[in-house]
Amino acid sequence: MKRAAPRWTWPLARIGLLLLRAFSWLPLTVQAACGRGVGAVLYRVARSRRRIALRNVALCLPELTPRERRALVCEHFGWLARSLLERGLLWYAPASRLRRLIHVEGDVGLAERSERPVMWLVPHFLGLDVAGQATQLFQSRPVCSIYQAQRHPVIDAAMRQARTRFGNAEIFPRSERALPLVRAIKRGSAFFNLPDMDFGRREAVFVPFFGVPAATLVAPSKMARSLGMVVQPVVVEMLAGGGGYVVRFLPPWTDWPSDDAVDDARRMNAWIETEVRRLPAQYLWVHKRFKTRPPGEPSLYR
């Protein structure tokens, strides 16, 4: 278990959150420009994350030249910084402002009408939190999700409050057992599921992601099958400048889950690959997606 942040940092965290709230009142065009500037700095100073992103891009998009990879990762850091700075907008701005900035495409109301529970399958693009707010602002079905508990208790409390502030959502720490989540789904909540991170070998199989064996969760397939869920993929895109965001609620999958959870994991990764190729700079490249290796294989990040 990770140690909590020392108490002397708590006032600093509160000051940071106040600044984030104040920053959220700026026009989105100004926030976007600041994000691009901060991203350019991060690209130069965050060496470890830059190396991880470059390695991931080299593994997943080997057809790019080294110069093209660097350009892609540099652009990625601009979007990454934007996603961090614009978190204040998502956490504190009035619902009316968010409804103007978030453009929804597709069948956002599927969960409202469905007699079966719905799982939204949402890969880790940088506008992920936008999709979470969209599920609360543009449809009425209660929402539940899992989140990674933060080491800093002030930040953790702020995140929990922000992600449930519209009154129709609840989130559960990933470290807890799945039973509270399952109960929420059985009570009628739609499940906002993030399926594409490396959480180790537990409940995972090695299936290709851009041709590289990647530890991929089978829990989404197994849960959807056991609870008879409808699975609807969702993808979010951050728009340039002050254009806002687009959240695409895609048609539900009619052949997923199947009775083969491993094949479902393989097909899920193949779909995510398609979406990444459509929007490569906005995928979460700074995460060690290939950290867990099959037995006997060396690390890909040394």
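Everything below is about the structure shown above.
Quick caveat, the model's predicted, so the values are computed rather than measured.

Trainee: Before we move on, could you go through the packing of aromatic side chains and cite the residues and values that matter?
Mentor: This model, assessed by the stated rule, comprises 10 aromatic pairs. Where Phe209 meets Phe210, the ring centres are 4.9 Å apart and the plane angle is 80 degrees; that geometry is what we call edge-to-face. With respect to class, Phe209 is no different from Phe210; both count as buried. Three or more aromatic residues joined by ring pairs make a cluster, and in this case those are Phe125, Phe209, Phe210, Tyr283, Trp285 and Phe290. Above the plane of the ring of Phe199 lies Arg174, whose end atom (NZ or CZ) is 3.9 Å from the centre.

Trainee: Just give me the short version of the pattern of salt bridges, but keep the residues and values in it.
Mentor: Under the defined criterion, the tally for this structure stands at 15 salt bridges. When the shortest N-O distance is used, the salt bridge between Arg187 and Glu170 registers 2.8 Å. Here Arg187, found in helix H10 (residues 179–187), pairs with Glu170, found in strand E4 (residues 169–173); they are 17 residues apart in sequence, far enough to count as distant. Salt-bridge contacts for Asp263 lead to Arg266; the nearest nitrogen and oxygen are separated by 3.3 Å. In this pair, Asp263 and Arg266 both sit in helix H12 (residues 261–278), 3 residues apart, roughly one turn of the helix. Counted as one network, the salt bridges with shared partners bring together Glu105, Glu237, Arg248, Glu275 and Arg278.

Trainee: Describe the nonpolar core, and please don't skip the residues or the numbers.
Mentor: One finds Trp91, Trp120, Val247 and Phe290 to be the most contacted residues of the largest nonpolar core, which totals 92 residues. Ranked by residues supplied to this core, first place goes to strand E8 (residues 230–238) with 6 residues. With residues near it in sequence (within four places) discarded, Phe290 still touches Asn56, Leu59, Cys60, Asp198, Phe209, Val212, Pro213, Ala214, Leu300 and Tyr301. Within the second largest apolar cluster, 5 residues are counted, among which are Val207, Val218, Ala261 and Ala265.

Trainee: Go over the pairing of strand E2 (residues 118–121) with me, naming the residues and quoting the values.
Mentor: Of the two faces of E2, the one holding Val118 and Trp120 and the one holding Met119 and Leu121 are both buried throughout. Sheet topology note: the E2/E8 ladder contains 4 bridges and is parallel. What sits directly across from Trp120, in E8, is Gln232. As paired elements, E2 and strand E5 (residues 190–193) share 3 bridges and run parallel to each other. What sits directly across from Met119, in E5, is Phe191.

Trainee: A description of the packing of helix H2 (residues 28–45) against helix H4 (residues 66–85) should follow, citing residues and the corresponding values.
Mentor: For the pair H2 and H4, the least separation of the axes is 7 Å and the interaxial angle reads 130 degrees. Taken together, the axis directions place H2 and H4 in an arrangement best described as oblique. Seen along the crossing, H2 lies across H4 with a hand that is right-handed. Judged by residue contacts, Leu28, Gln31, Ala32, Cys34, Gly35, Arg36, Val38, Gly39, Leu42 and Tyr43 of H2 engage Arg70, Val73, Cys74, Phe77, Gly78, Ala81, Arg82 and Leu85 from H4. Considered class by class, the residues forming the contact of H2 with H4 number 11 nonpolar, 4 polar and 3 charged.

Trainee: With reference to specific residues and values, describe the sheet that holds E8.
Mentor: Strand order in this open sheet of 7 strands is E1-E9-E8-E2-E5-E3-E4, and the pairing throughout is mixed. At either end of the open sheet lies a strand with only one pairing partner, and these are strand E1 (102–106) and E4. Put simply, the sheet's adjacent strands are angled 25 degrees from each other on average, direction ignored. Strand contacts of H12: E2, E8 and strand E9 (245–249), with the helix running at about 20 degrees to E8, the strand carrying the most contacts.

Trainee: Go over helix H11 (residues 219–226) with me, naming the residues and quoting the values.
Mentor: Within the sequence span of H11, burial applies to Pro220, Ser221, Met223 and Ala224. In the core, the buried residues of H11 are packed alongside E2, H10, E5, strand E7 (212–217), E8 and H12. Within two residues after H11, Gly228 carries a phi angle of roughly 60 degrees, on the positive side.

Trainee: Hey, could you go over the side chain of Ser221 for me, with residue numbers and the actual values?
Mentor: If you trace the backbone, Ser221 turns up in helix H11. If sequence neighbours within four positions are ignored, Ser221 has contacts with Trp256, Pro257, Ser258, Ala261 and Asp264.

Trainee: Report on the environment of Leu18, specifying residues and quantitative values.
Mentor: Secondary-structure assignment places Leu18 in helix H1 (residues 10–23). Between the alpha carbons of Leu18 and Gly88 there is a distance of 9.2 Å; along the sequence they are 70 residues apart.

What counts, and where the lines are drawn
- Per-chain numbering applies: the sequence of each chain, read as written, is numbered from 1 onward.
- Given that the model is predicted, a residue must reach a pLDDT of at least 70 before its local features are reported, and side-chain atom pairs must reach 80 or more before they are shown or counted; all residues, however, enter totals for whole chains, interfaces and linings.
- Excluding hydrogens and water, the side-chain values take into account all heavy atoms of the structure.
- Here the aromatic set is Phe, Tyr and Trp, taking the six-membered ring for Trp, and pairing holds for ring centres within 6.5 Å; pairs whose planes are under 30 degrees apart are stacked, those over 60 apart are edge-to-face, and all others are tilted.
- Partly exposed residues are those whose accessible area sits between 20% and 50% of the maximum for their type, while under 20% is buried and over 50% is exposed, using a 1.4 Å probe and protein chains only.
- By definition here, charges over rings are those cases where NZ of Lys or CZ of Arg is within 6 Å of the ring centre and within 35 degrees of the ring normal.
- Think of a salt bridge as a Lys or Arg side-chain nitrogen and an Asp or Glu carboxyl oxygen that are within 4 Å of each other.
- In DSSP terms, a helix is any run of H or I states spanning at least four residues, a strand is any run of E spanning at least two, and both are numbered starting from the N terminus.
- Put simply, buried Ala, Val, Leu, Ile, Met, Phe, Trp, Tyr and Cys residues joined by side-chain atoms within 4.5 Å make one nonpolar core.
- Here a residue-residue contact requires only that any non-hydrogen atoms of the pair lie within 4.5 Å.
- At least two bridges found by DSSP between two strands is the condition for calling them paired.
- Axis definition: a line fit to C-alpha positions, over the contact stretch in the case of helices; interaxial angles, taken between N-to-C directions, run 0 to 180 degrees.
- An angle counts as roughly parallel when it lies under 35 degrees, as roughly antiparallel when it exceeds 145, as roughly perpendicular when it falls between 65 and 115, and as oblique in every other case.
- Each crossing gets its hand from how the near helix is turned against the far one by less than a right angle, where anticlockwise is left-handed and clockwise is right-handed.
- Residues are sorted three ways: Asp, Glu, Lys and Arg are charged, Ala, Val, Leu, Ile, Met, Phe, Trp, Tyr, Cys and Pro are nonpolar, and all the rest, Gly among them, are polar.

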